[in-house]
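Take a look at the letters that make up each chain.
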Amino acid sequence: MKKSVEFWKHIIIAGIIFLIIFPTMGAIVLTKENARLQKEILSLSPNGDDIVTVGTNNYDAASIVRKRPLLSYQLLYPELCADFMGFNDDLVDSKMIFLTFDDGPSSSTPAILDILKSHNVKASFFVNGKSSLFAASRLRRIVQEGHAIGMHSYTHQYSLSINTYNLKIYQSLSAEVLRRGFIYCDWNVSAGDALKEATAESIIENVINGVSLCWEPAFVLMHDNGNNELVQALPKI
């Protein structure tokens, strides 16, 4: 009986010690991690050489108020600018649907353009940097048939072009893009056509359901990447 009491006494004492030490160690670890994250956040702060201002509504162009002299990289490629004067609110309402295609041009581009032409629909093609006669002919046709071309990336290598991989410089990059007159376009409806298991039926369902859930203009994300399932789904969409 005495041994049983001593046993449980040691168990209780050990439990109390554990309940004291474990939270204390956790608090120390969290404090150190918090300090590390605060230091990292401070290192990610923008340089402050530019102030980005927006217009009176969501469709006005952003502008830049310069506080400091141009930085060295801002002097590169001075001709790389866009003349954007802002959107016209009267041309966009909650029932407007924008069809967009990333990653092209590709072997699918002619078929996509044929389908759009047959339905008298214009779209936006956010293309990758490609310099070949194959790409040039398709880009030329996109423009000639009244569609818009936007910049998706140059290399499409995530380690070089996606913001989450460039946390220390992406704010400066964003400010420079805006300073040069370019604007961001993002999607709120995904066709899911880039998934390996995508089918024409799933693509149609994703788009129709996604658009029906939008309370604002719908920006439909699709891909011009040679996927025949998307080509099959596009007429129904």
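Above this note sits the structure.
Rules used in this analysis
- Residues numbered from 1 in each chain as written.
- Predicted model: local features only at pLDDT ≥ 70, side-chain atom pairs only at ≥ 80, totals over all residues.
- Heavy atoms only, no water.
- Helix = DSSP H or I, 4+ residues; strand = E, 2+ residues; numbered from the N terminus.
- Contact = heavy atoms within 4.5 Å.
- Areas by Shrake-Rupley, 256 points an atom, 1.4 Å probe, with all protein chains shown as cover.
- Salt bridge = Lys/Arg side-chain N within 4 Å of Asp/Glu carboxyl O.
- Buried < 20%, exposed > 50% of the residue type's maximum accessible area, 1.4 Å probe, protein only.
- 1 Å grid on protein atoms, 1.4 Å probe; cavity = no way out; pocket = protein on both sides within 12 Å on 5 of 7 lines; lining within 4 Å.
- Points joined across faces, edges and corners; volume = space filled by probe spheres on them.
- Nonpolar A, V, L, I, M, F, W, Y, C, P; charged D, E, K, R; others polar.
- Core = buried A, V, L, I, M, F, W, Y, C linked by side-chain atoms within 4.5 Å.
- Axes fitted to C-alpha atoms, helices over the stretch in contact; angles between N-to-C directions.
- Parallel < 35°, antiparallel > 145°, perpendicular 65-115°, else oblique.
- Expected span 1.5 Å × (residues − 1).
- Arc of directions from axis to C-beta.
- Pairing = 2+ DSSP bridges.

Engineer: Pulling in residues and values, what's your account of the overall build of the protein?
Structural biologist: In terms of helices and strands, the protein carries seven helices and seven strands. When its helices and strands are written in sequence order, the protein yields α-β-β-β-α-β-α-β-α-α-β-α-β-α. Residue pairs in contact within the protein that sit at least 24 positions apart in sequence constitute 70% of those at least 6 positions apart. As presented, the protein carries roughly 16,700 Å² of accessible surface, and 63% of it is formed by carbon and sulfur atoms.

Engineer: Just give me the short version of the pattern of salt bridges, but keep the residues and values in it.
Structural biologist: Scanning the entire structure with this criterion turns up four salt bridges. When the shortest N-O distance is used, the salt bridge between Glu 145 and Arg 141 registers 2.6 Å. Glu 176 is the salt-bridge partner of Arg 180, the closest N and O atoms lying 2.7 Å from each other. The exposure class assigned to Arg 180 is buried, which follows from its relative accessible area of 9%. Classification of Glu 176 by relative accessible area gives buried; the value is 8%.

Engineer: Just give me the short version of the layout of surface pockets, but keep the residues and values in it.
Structural biologist: The calculated volume of the second largest pocket comes to roughly 380 Å³. Lining the second largest pocket are 18 residues, and of these Ile 97, Leu 99, Val 121, Lys 122 and Ile 237 sit closest to its centre. Per-class residue counts for the lining of the second largest pocket are 15 nonpolar, two polar and one charged.

Engineer: Lay out the environment of Trp 187 in plain terms, naming residues and giving numbers.
Structural biologist: By secondary structure assignment, the location of Trp 187 is in the loop between helix H5 (170-179) and strand S6 (189-190). Of the residues examined, Trp 187 reaches a relative accessible area of 46% and is grouped as partly exposed. Beyond its immediate chain neighbours, meaning those up to four positions away, Trp 187 contacts Phe 219 and Leu 221.

Engineer: So what's going on with the nonpolar core? Which residues, and what values?
Structural biologist: As a rule of thumb, nonpolar side chains are buried together in soluble globular proteins. Membership of the largest hydrophobic core comes to 25 residues, with the highest contact counts inside it found for Leu 99, Phe 101, Ile 112, Leu 116, Phe 125 and Met 222. At the level of secondary structure, the elements contributing two or more residues to this core comprise strand S3 (97-102), helix H2 (109-118), strand S4 (124-128), helix H6 (200-212), strand S7 (218-223) and helix H7 (228-233). Beyond its immediate chain neighbours, meaning those up to four positions away, Phe 125 contacts Phe 101, Ile 112, Leu 113, Leu 116, Ile 142, His 147, Ala 148, Ile 149, Gly 150 and Asp 224.

Engineer: Break down the packing of H2 against helix H3 (residues 133-144) for me, with residues and values.
Structural biologist: The interhelical angle for the contact between H2 and H3, taken along N-to-C directions, is 10 degrees, at an axis separation of 10 Å. Here H2 is positioned roughly parallel relative to H3, judged by the angle of their axes. Residues Thr 109, Pro 110, Leu 113 and Asp 114 of H2 pack against Arg 138, Arg 141 and Ile 142 of H3. A class-by-class count of the residues in the contact of H2 with H3 yields three nonpolar, one polar and three charged.

Engineer: If you had to explain H6 to someone new, which residues and values would you point to?
Structural biologist: End to end, H6 covers 18 Å across 13 residues, agreeing with the expected 18 Å (1.5 Å per residue, within 8%). When we look at burial in H6, the residues that qualify are Ala 200, Ile 203, Ile 204, Val 207 and Gly 210. What you see down the axis of H6 is that its buried residues fit within an arc of 145 degrees, all on one side. In H6, those exposed residues whose orientation departs by more than 90 degrees from the buried face are Glu 201 and Ser 212. Contacts from the buried residues of H6 go to S6, S7 and H7.

Engineer: Give me the environment of Val 121: which residues, what numbers.
Structural biologist: One can find Val 121 in the loop between H2 and S4. Overall, the relative accessible area of 30% leaves Val 121 in the partly exposed class. Sequence-wise, Val 121 and Leu 99 are 22 residues apart; in three dimensions their C-alpha atoms are separated by 8.9 Å.

Engineer: Talk me through the pairing of S3; I want residue IDs and the actual numbers.
Structural biologist: Bridge count between S3 and S7: six bridges; the pairing is parallel. Looking at S7, one finds that Asp 102 is bridged to His 223. Pairing of S3 with S4 involves three bridges; the strand directions are parallel. Of the residues in S4, the one forming a bridge with Asp 102 is Phe 126.

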